Each structure stands twice: as structure tokens, then as C-alpha cells.
Amino acid sequence: MSHAPTDPHFHEVSERFLANRERTAWHDQSLWFVRTKRDRQAYQTPDWEQLRSHAAAIKAHVVDHLAELTRQFAQQARARGWTVHFAADAAELNRTVHGILATHKVTRVVKSKSMLTEECGLNPYLLERGMEVVDTDLGERIVQLRDEPPSHIVLPAIHIKRGEVGELFHRTMGSPAGETDPVALTGYARADLRKRFIEADAGITGVNFAVAETGSIVVCTNEGNADLGTALQPLHIACMGVEKLVPLLDDVAVFLRLLARSATGQPITTYSTHLSGPDPLRPGHEAHIVILDNGRSGIERDSEHRRTLSCIRCGACLNTCPIYRRSGGFAYGWTIPGPIGAVLAPSMIGTKKAKELPFASTLCGSCTNVCPVKIDLHEQLLSWRARIAADGNVAWHKRLAMRIGALVMSHPGLYALGGWTVRKLWPRLLAFPVGPLKPWTDTRDLPDAPRQSFRGWWKEEGDSHG
Amino acid sequence: MDEAAFLARITRSHPSHAAHPGPYRPERIEPSWPAFKSSLEFVGGSSHAAVTPAQLPEAISAIISFGAHRRVVASAAATRLLGVQSGVETASQAGDARQWNDVDLAIIVPELGVCENAAMLLSAVSLPERGLPLLAQHVLALLDLRLLVADMHEAYLRMAHHRDGQAMPHHLTWISGPSKTADIEQALVIGAHGCRSMMILPFSAP
Amino acid sequence: MTVAINLFIPCYVDQLYPQVGKATVAVLRRAGCTVHFNPSQTCCGQPMANSGCVQDAATLARRHLDIFRGGTTVCPSGSCTSMVRNHYAHLPIALNAEDEGTCARTYELGEFLVNVLGVDDLHAHFPHVVALHQSCHGLRELGNGSMSERGGAKSPSATERLLGKVQGLSLKKPKRPDECCGFGGTFAVAEPVLSTRIGQDRVDDLESTGAEFMVAGDMSCLMHLDGIRSRQKHGPRAIHLAEILAAQ
């Protein structure tokens, strides 16, 4: 199976997801629960809105000074003893990481959560070359064992029920058949993964924040798996998107106050670790950073969409999205689902492949309101729709319908006549087995057509009485 | 790809030059043990009643016997604070971190405690034995109540590190409560890969 | 002193829900306004913009701005209002200062009454249990009330304040205060299964309050929600804010 970006088939996959009504309700409620936990934190943090504004301003500064900050970070990081690598694209990141591992004759790798390595398809690349990579975040381990991608950027296994995890662990970790208690199941994973941490030759992590001022990376987890995956092993490789930079150490405080509150409704992740180069107490310890472009520089150049580089990958927009909650992450067919996925995908995989995604939205605006760095997500979705249409990736019949609509609406007489005709033919239109109304009438009724339009009434009697 | 080529891919001149907004300084709140304790409970940690420094060894003995902990290892910083205590090993500064894989209880001394989220600061200065509280099944943190701050902004200001041109230590971690996960159906499970419990033993001079 | 307003009636209200337009007229007159309706108006262009067809939207936007030039416009729809006030500036049309004024002085009915006229009591009488659906654009794009996602102080929306003054009306709120109804314009027919599912969940939430009616400031939401209610044969009946405020 491939973890690399594929062609999204939102319509098809979401309809399949929705066919299971009960499961859709369960998925929706699970994610809404996470949204309400976020809300509680937001309400209990008196300066929540100021914090968001400040974080947005820091990230706007970062996006406007990406090259300078990258240079500063690389310089500071090298001064701390990091070996800094640059990768133009996914293929180069994979080759670079593999190269470092191969030089050290690594065969067993533990990896903490990194959506970036998902984006690049690092796991299958290393697997094909004889290296064992164990994803150590519990949710990621679950989906890894099921040979499927994560369906959420923070809660990888949110689409999986405890019974399914029980069956999986029975097959792979020796838990008893029929065990479904999350506490017990986690215990089996703890024992299994503890062995992996101890036996691994190298640890790969993502990066939540990269501090230009100090040449440090910050990695946040609740499970401690990034720490256990870097404190014990002689080699650490951190993979980061270039947009993960923050200018100052002080800035980390702002983001640490926002990240876990937005993501899971906790005041902070259990572990928030700054690492600044190799460990002087471990002779021979090596620490590498791979800084990835893979389309980010393209977003940076796109004046309408560069704000999306502010994203800190909290997942709050996924949790609040009425569409994501009822379609599941796989419907988006790309590494990152949900509203942020839908606004990144057209940049990263092109408007042709991503053409459905910005349209998979009612533009309700809830995502914009939960974003800790105030990306105007729903406006981004709308502006992508215009770009997709301009690139010729909106279906011809939809464009034609809009052109005809605009034509009719440009002539009030034609509009009034059209409206009158539709109202007169209404019952027949509704009954017709095919046609534009069918997607509506398959599942919803329409009102009876009124005898007279508002403008008809206004002309007759409404205009009098002032 | 080399650095120069990579940087060349990132546009350096465009119309927008948003300035850094400067330091974030919220309204100052007084730190307090009740506030820290409340946050600690929220994140699944527990606390002991406050003691004086002289009472620490006794409190710790009681905690060890109550938990029936067999291998108890204190960080060097904890040993400096407590003195040598029977039943408590001092962490060896040599050798592999994996030696702590069978530790039942780790005793550590954080550098700061943050009230808004029960985060405690540990770094290569207070904890060169980085792996100790990660591998131990349970962690006991000895928190000097003078080291409480209200929020993360104050915490970063108070951090001794990266001050006056000092370089950051190799590791610097905020640890808040025990390890946890909710990856199975959003059911909260305390004790994922790191410690299964986190207890704070606060102390202050009488 | 009477305020003269230009009535902006969304195309689907004009053709399918004229009673909402009539109620809007009655309410504005009761609030002391002189109401004008320019029959040249047709559509604000929102469906075109939402489909990515910005040139078509711009054509209609230009037309709309010329028709509504130089007055105060009131519209019984948050989404059409937002289209004019917030989104016209992003279309490929040249807006002069007068156009910007037209956009800025385009108001949704509820916000106009409360925030502009300072009126929240229309002496209406509607002795029923009513569940409130906060339409997304009115809330999030027009800032018509506190959004459940935001921190800071919460205050009742203009819609809530107006309904609060209706005699005999018992206002109920669903469990999810401001979740989307799932209509989303062309989304309703492009992703009909998803759109309907979101709407069914919304009707269920509104129904769980025990209300006989569900009210919103946007007839588009209500058309969708009522269509679901009607098909499934249970749930509160849809009624527009204007209709309640006009009820005596």
C-alpha cells in the first residue's frame, strides 16, 4: 500500500463512509467530543483571542522571512552540533534519511509522529530497503499494523473501534481474543513498544517547532514516545517542513499554550521537549535535521495562499468540520485531510488532482474560528475554488449552468419569466426522474410553488402603504 | 541539495514584510500551589501535602513503601537535595540510559513548575539522566514551591538557560503529569509509553 | 424620523418563499422604515462565486451595486448580505468609494434592527416553543453574535435578542449551538448524501429541544432543513425570523 499522495476521490469515498449511518454518527460524535474539550480550554484561557492574534502575527512574520530564518536556524543548529540537511522534495528526503541510516548500519528504527514523513512515504521507502520502522505513537502503530494511513493528523486511529484494535492486537501483540478494554490494550502496546525503544538503533522524529534563535527543535507528545525514541538511541534524525520555524525561544511559549489546547483540549502535551544538537553525555551520539521543501516554497510564492504555511498541524479544523466528521479522513485521499488538507492539497498536488477538495465544504467558517494561528481557512477554500475553475478543473456543465444563470440574472425580465415558468412546472419538475432537482429530491422535499412571487406581490399591493 | 540552492527556492523579495509582534506579556497573575495542584489533577497527576525540606526523606520513604516500589532511583539533583537515603539508589552518571528500564520509581527535581498547565521544567542541568523519568514506571518530582510561575511566558523568562549568551542545554523538557493516550476510541488511558503515574511532592522552608 | 431602506430580496425567497419577503416588509415598516424595492434586482451572484465562476459572479455583483447604489440595504438573509458586504471586494470588479459604501451599508434584517435602528422589540406575538438555528454566515461572517469557537465574553446574537422580546415565545437552543445545517449552496446538490446527513443531524438536534418550530435568519438553511423534516415526517417546522417578528 502506498502512503504517498494519491488522487482524491472525495465524493465516492465520502458516500461510502456515510452508507454506514451508525458508524458515521460514532465518528462524528468522537470528533465533536474533542472539539468540546478544545472549547473548554478556550473559554478558561482569558487571553485566548489575544494569544491567537499574537501567534498569527509571529507566523506571518515567519512566512515573510522564511529564507532568513532558515539560514539563521541552520547556522545556530550547526553551532549546536546538528548535522543539517536540505531536501528539495520527498524523494530527496527519503534518500537522505536512508543514507544516514545506512551509514550507521541501522536496521531497527523507531519513529514518533511525523505527518511529514507520511507525506514523503518514508516508511515504505525504508522498508523496501530492508529497514524495520516502528511507528511508536499508539494511534500510528495501530494504523501501521493495519497497513493503512492515519485518518487524522493528530488522532491517527480515530476511525477505528476498540473491538477492531482488540482483534489487531490479538493477532500482532498476543493480547487475548476478545479483549477490548483500551487500558488493557494500551498495556500490551506499552510492553511491545518498550522493547522496540530499547532495541532500536535510531530514532526518527518530526518537529513541532524549530527555533531559529537557538538552533533547537521542539517535539511534543503525550505518550513520551518521541523522548523514548531519542533518549536511548545513538542516532536521531529529525524531519521538518521549512515552515515549522519560529524566530525566538520566547515564541515557543505562545505556541505551547495554543497547540495542545487546540488539538486535544489539554493545557499542554505531557512532554514538550527542546533538543539542541547531539547529547554530549553520550559519546558518538549523532543528531541530524532534514529540512524539507516539497512544495512549500511554491506556497510561499503564492500571494493568495501563503498564509496556509502558518499551520502548526493541531487538527482543530478537522475536529470542528461538519464535513470531515461525517466523511472520515480517507475521503480526502491525501496525506492531510480536513479543511487545512483541502487548502494545502491544491498547492501540493495541483488543482487537477485536488479539484474536489475545496468544494467538499459548506464554507461554514467554523475552521477559521478554531485555527490557533488564524488562517482564514474558509476564505482560502473559496479562493481555491476560483483558481480551480480558472485552471479548467470545474466540470463544464457546472460552469455552463453558472454562465446561463448569470445571463438570466442579468435580465430581470428573463429572470422573472424563468421564475414564473419554474413555479408553473414545479410539480412536474419535482416528479421528473432525472434533472437538476433530483439530487435534492432524492432525500429532501421542496415546498409547494407559490402562486405569486414576492415581486409580483410588491407590484400588486406591497408598494402601497409606503 | 545544498543550503544555498534550498534558500534560493524561497523567494526573498515580495511585498509583504510582516514584523515580529514582539514579546507576549499577558497580565501578570500570582502563581499559587492551589492553581498548580488543580492543573496537575486535570492532567492526571497527583500530589502529596507540602513538607519542609527536612521532612522530605520521611515523606519519600512512606511513598516508596506505600507503592511497594522495588528499584527506586534518584537523579543526582535529588540526591543533592535529600542526601543519601536508604532504599534509594543514586542514578549513575555513566553507562547507558537503558540501565533504568527496570526502575519502578524515579525521583527528580524540576527547575520550575507552571501553574496554568502543571508543566515542570527538566533539562540537562537538573537531569543529565534524561532517560530516567522516561523509563521509570512511576515518577516523583520534588518541587520547591519558590519555583512556581503562573504561565509559560513567565516560565520562559525565568528559565536560567539561554541567558547571557549561554547555549541551550542538549535537552530541555516540560513534563506535565503522567504519560497518556486517548488513541483508542478517545478513551483516556494514563500510562502510555512513559511513566504511569506522576506525583509531586512540594516543599518549602518552614 | 423614518429611515428609508432598499429591500434586497434573495432570488430564491422572491420565487419560492415570498411570505418571508412580505414579513420582512411588515417588520421594517413596523420599525418605522420606508421600504423601497427595486424590481431590477435579481441575484447577488453568490452561487457563481461559490462555484469558482468569479467572472460570472462579478457581472452580477456589478449589476447589484449599480441597482443598490447610495442607500441602506436590508436583506432577510445572512449569506446574501455577507456576499455583498464581505466578498464583493474579492471579486474581479473595480469598486469605487461609492460601491464600498453600498457594500458597507448592506445589512441582514436582524442586525439592522438591533445594531442600526437600536430596536429589539417589534411587539410580536408568537406563543410557541422555537428552536434557534444560527445560520453560519450571519454568525461567523457578519459577526451577528458570539461564536461557540471563540474565547472571550459571550453575548446574545441580534436574532436571539429579537426573539427574546417576542411575547409568548419560548426559545430553545440545540446542543451544538452553531453547527452548520449542511446546505452550503451548490454543495447541497453536489454532495447530496453528505449535505442531507448534516441536515438530518441538525434537525434531530433542534427537535430534541422539544420545539414545534425551528427558526433561522436564512431561508436557504430552512429550505434544506424543512425539506428534510418534511421527507422524514417529523421535526420542528421551519419558520424565518421575519415571519416570527411579523406575527401578531
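Remember, predicted model here, so these are calculated numbers, not experimental data.

If you tally the helices and strands in chain C, you get 13 helices and eight strands. Computed over its C-alpha atoms, the radius of gyration of chain C comes to 17 Å, within 12% of the 18 Å expected for a compact globule of 248 residues. Oriented by its inertia axes, the alpha-carbon framework of chain C measures out at about 50 × 45 × 40 Å. Long-range contacts, defined as pairs at least 24 residues apart, comprise 77% of the intrachain contacts of chain C with a sequence gap of at least 6. Positive and negative charge centroids in chain C, built from 23 and 24 side chains respectively, lie 4 Å apart.

Here we come to unusual backbone geometry. The phi dihedral of Asp147 of chain A is positive, around 55°, even though this residue is not glycine. Structurally, Asp147 of chain A can be placed in the loop between helix H8 (138–145) and helix H9 (162–173). On the basis of relative accessibility, which here comes to 46%, the residue Asp147 of chain A falls in the partly exposed class. Even without being glycine, Gln186 of chain B reaches a positive phi, approximately 60°. Within the element layout of this structure, Gln186 of chain B appears in the loop between strand S10 (180–181) and strand S11 (189–190).

Our focus in this paragraph is the interface of chain A and chain B. Residue-level contacts link 106 residues of chain A with 68 residues of chain B. Here chain A packs against chain B, burying approximately 7,000 Å² in sum over the two surfaces, 58% of which is carbon and sulfur. The interface formed by chain A and chain B holds seven salt bridges in total. The closest approach of N and O atoms between Arg162 of chain A and Glu185 of chain B, which form a salt bridge, is 3.5 Å. Inspection of the chain A/chain B interface yields 43 residue pairs in polar contact (both at pLDDT 80 or more). Take the side of chain A that touches chain B: its biggest share by element is 11 residues, from helix H10 (residues 182–199) of chain A. When the residues that make up the side of chain A that touches chain B are grouped by side-chain class, the tally is 52 nonpolar, 27 polar and 27 charged.

Residue and element names in this part refer to chain A. Under the 1.5 Å per step criterion, the end-to-end length of helix H16 (residues 338–349) is 16 Å for 12 residues, consistent within 8% with the ideal 16 Å. Among the 12 residues that make up H16, 10 are buried, leaving the element largely enclosed by the rest of the structure. Taken together, the buried positions of H16 are occupied by Gly338, Pro339, Ile340, Gly341, Ala342, Val343, Leu344, Ala345, Pro346 and Ile349. The elements touched by buried residues of H16 are helix H13 (296–301), helix H14 (316–320), helix H15 (322–327), helix H17 (366–370) and helix H18 (377–390). Two residues or fewer after H16 comes Gly350, characterised by a positive phi angle close to 95°.

All names here are of chain C. At a minimum axis separation of 9 Å, helix H11 (residues 192–207) and helix H12 (residues 219–232) run at an interaxial angle of 80°. Comparing their axes, H12 and H11 come out roughly perpendicular. Here H11 contributes Ser195, Thr196, Gly199, Gln200, Arg202, Val203, Asp204 and Leu206 to the contact with H12, which in turn contributes His224, Leu225, Ile228 and Gln232. Residues belonging to the contact of H11 with H12 are distributed by class as follows: four nonpolar, six polar and two charged.

Phe73 and Ile340 of chain A together with Trp174 of chain B are the most contacted members of the largest nonpolar core, which has 108 residues in total. Grouped together as the second largest cluster of nonpolar side chains are 87 residues, Val25, Phe37, Val74 and Leu222 of chain C included.

With that settled, consider the interface of chain C and chain A. One frequently used descriptor of interface size is the decrease in accessible area upon assembly of the parts. Taken together, the 73 residues of chain C in the interface contact 77 residues of chain A. Sorting the residues of chain C by area buried against chain A places Gln15, Glu149 and Arg197 of chain C first, and these three jointly supply 11% of that buried surface. Where chain C packs against chain A, one counts eight salt bridges. Residue Asp56 of chain C is joined to Arg403 of chain A by a salt bridge in which the shortest nitrogen-to-oxygen separation is 2.6 Å. Taken together, chain C and chain A are joined by 41 residue pairs in polar contact (both at pLDDT 80 or more). If one sorts the elements of the side of chain C that touches chain A by residue count, H11 of chain C sits on top with nine residues. Residue composition of the side of chain C that touches chain A, grouped by class: 32 nonpolar, 25 polar and 16 charged.

A few words now on the sheet that holds strand S9 (residues 171–176) of chain B. Taken in spatial order, the eight strands line up as S8(A)-S5(A)-S6(A)-S9(A)-S9(B)-S6(B)-S5(B)-S8(B) in an open sheet, and their pairing is mixed. On the outer flanks of this sheet lie strand S8 (245–246) of chain A together with strand S8 (148–149) of chain B, each paired with one strand and no other. Where strand S5 (residues 209–211) of chain A lies against S8 of chain A, two bridges are found, and the strand directions are parallel. Across the sheet, residue Ala210 of chain A finds its bridge partner in S8 of chain A, namely Leu245 of chain A.

Per the counting criterion, the structure on display carries 60 salt bridges over all chains. When the shortest N-O distance is used, the salt bridge between Arg455 of chain A and Asp14 of chain C registers 2.8 Å. Taken together, the residues Arg455 of chain A in helix H22 (residues 454–462) and Asp14 of chain C in helix H1 (residues 11–16) connect one chain to another. Taken as a pair, Arg455 of chain A and Asp14 of chain C share a single burial class, namely buried. Ionic contacts of the salt-bridge type, sharing partners, join the residues Asp28, Arg325 and Arg326 of chain A together with Arg176, Glu179, Arg197 and Asp201 of chain C into one network.

With that settled, the discussion passes to the pairing of strand S1 (residues 3–7) of chain C. All names here are of chain C. Where S1 and strand S2 (residues 33–36) come together, four bridges link them in parallel fashion. Among the inter-strand pairings, Ala4 is bridged to a residue of S2, identified as Thr34. The pairing of S1 with strand S3 (residues 73–75) spans two bridges and is parallel. Bridge pairing in S3 places Asn6 opposite Thr73.

This paragraph deals with the domain arrangement of chain A. Domain annotation of chain A identifies domain 1 (10–160 + 201–297) and domain 2 (396–464). Put simply, the middle of domain 1 of chain A and the middle of domain 2 of chain A, counted by C-alpha atoms, are 51 Å apart.

Residue and element names in this part refer to chain C. Judged by pairing direction, the sheet is parallel, and its four strands sit side by side in the order S6-S5-S7-S8 without closing on themselves. The open sheet has two edge strands with one neighbour each: strand S6 (170–172) and strand S8 (237–240). Looking at each pair of strands side by side, their axes are set apart by 35° on average, direction ignored. Of the pairings in the sheet, the one linking strand S5 (residues 129–132) to strand S7 (residues 213–216) comprises three bridges and is parallel in character. Directly across from Leu132, in S7, lies its bridge partner Val215.

Attention now moves to the state of the cysteines. Under the definition given, this model contains zero disulfides over all chains. Looking at Cys317 of chain A, it has no disulfide partner, and the nearest cysteine sulfur is the one in Cys314 of chain A, 6.4 Å off. With relative accessibility at 7%, the residue Cys317 of chain A sits in the buried group. Free cysteine Cys195 of chain B: the closest other cysteine sulfur is in Cys220 of chain A, separated by 17 Å.

Secondary-structure assignment places Ser276 of chain A in the loop between strand S9 (271–275) and strand S10 (286–292). For Ser276 of chain A, the side chain forms a polar contact with the side chain of Ser216 of chain A, separated by 2.7 Å. Once residues within four sequence positions are removed from consideration, Ser276 of chain A is found in contact with Arg80, Trp82, Gly215 and Ser216 of chain A together with Met168, Pro169 and His170 of chain B.

The subject of this paragraph is the confidence of the model for chain A. Of all residues in chain A, 98% have pLDDT values of 70 or greater, and the mean over the chain is 95. Note that residues 1–5 of chain A has pLDDT below 50 and, in this model, 12 contacts with residues that lie over four places away or in other chains.

Rules used in this analysis
Residues numbered from 1 in each chain as written. Chains lettered and ligands numbered in written order. Predicted model: local features only at pLDDT ≥ 70, side-chain atom pairs only at ≥ 80, totals over all residues. Heavy atoms only, no water. Helix = DSSP H or I, 4+ residues; strand = E, 2+ residues; numbered from the N terminus. Rg over C-alpha atoms; globule rule 2.2 N^0.38 Å. Contact = heavy atoms within 4.5 Å. Lys, Arg positive; Asp, Glu negative; His and termini not counted. Charge placed at Lys NZ, Arg CZ, Asp CG, Glu CD. Buried < 20%, exposed > 50% of the residue type's maximum accessible area, 1.4 Å probe, protein only. Buried area = accessible area lost by both parts, 1.4 Å probe. Salt bridge = Lys/Arg side-chain N within 4 Å of Asp/Glu carboxyl O. Polar contact = N/O pair within 3.5 Å; in protein donor to acceptor, adjacent residues only side chain to side chain. Nonpolar A, V, L, I, M, F, W, Y, C, P; charged D, E, K, R; others polar. Expected span 1.5 Å × (residues − 1). Axes fitted to C-alpha atoms, helices over the stretch in contact; angles between N-to-C directions. Parallel < 35°, antiparallel > 145°, perpendicular 65-115°, else oblique. Core = buried A, V, L, I, M, F, W, Y, C linked by side-chain atoms within 4.5 Å. Pairing = 2+ DSSP bridges. Domains from an automatic or database assignment. Disulfide = S-S within 2.5 Å. pLDDT = per-residue confidence, 0-100.

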